[in-house]
Amino acid sequence: LETPITQKVVSNYISYTATTTATKLAPENLNRKELIVTNTSTSPLYLGFGRLPSSTDYAVVVPYNAVFFTEVTDQIIGVWGAASGGQANIVERV
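Residues numbered from 1 in each chain as written. Predicted model: local features only at pLDDT ≥ 70, side-chain atom pairs only at ≥ 80, totals over all residues. Heavy atoms only, no water.

**Focus on the sheet that holds strand β7 (residues 76-80)**
The strand order across the open sheet built from 4 strands is β2-β7-β4-β5, with neighbouring strands paired in antiparallel fashion. The open sheet is flanked by β2 (23-26) and β5 (60-62), the only strands paired with a single partner. Going from strand to strand, the sheet's axes swing by 35° on average, the running direction of each strand aside. Strand direction decides the pairing type here: β2 and β7, joined by 3 bridges, are antiparallel. Along β7, the bridge assignment pairs A26 with I76. (Pairing = 2+ DSSP bridges. Helix = DSSP H or I, 4+ residues; strand = E, 2+ residues; numbered from the N terminus. Axes fitted to C-alpha atoms, helices over the stretch in contact; angles between N-to-C directions.)

Take a look at the structure:
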C-alpha cells in the first residue's frame, strides 16, 4: 500500500489602498508557488517585477475588477494610474 504524498499550502493575504505612489505589494520570495493580484480600483494597476513600474513602463497592467495570477518569485511593485479608491488584494501561496 502506497502512502500518499501530501503538501502543505500556506497562503498569505494582504491588501493595499490604491495610490499613485509605488508600493511594494510582495517581497521577493523564492518559495512562492503562486501570487494572485486582484485590482478593485477603477484605475489600472501597473505592476513591475523587481523594479518600479509606471503607466508607460510596466510588466503587467491589471485593469479594474481583474485578477492576475503569476509564479514570478521577484519582488512585485505596483502603482495605480490614479488614486481613485479601491485596492489591490494580494494572496501569496507558498
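**Things to note about the side chain of S41**
Its place among the elements puts S41 in the loop between β3 (34-39) and β4 (45-49). One polar contact links S41 to S84, side chain to side chain, over a distance of 3.1 Å. In this view, S41 contacts A18, Y64, N65, W80, A82, S84, G85, G86 and Q87; residues no more than four positions away in its chain are not counted. (Polar contact = N/O pair within 3.5 Å; in protein donor to acceptor, adjacent residues only side chain to side chain. Contact = heavy atoms within 4.5 Å.)

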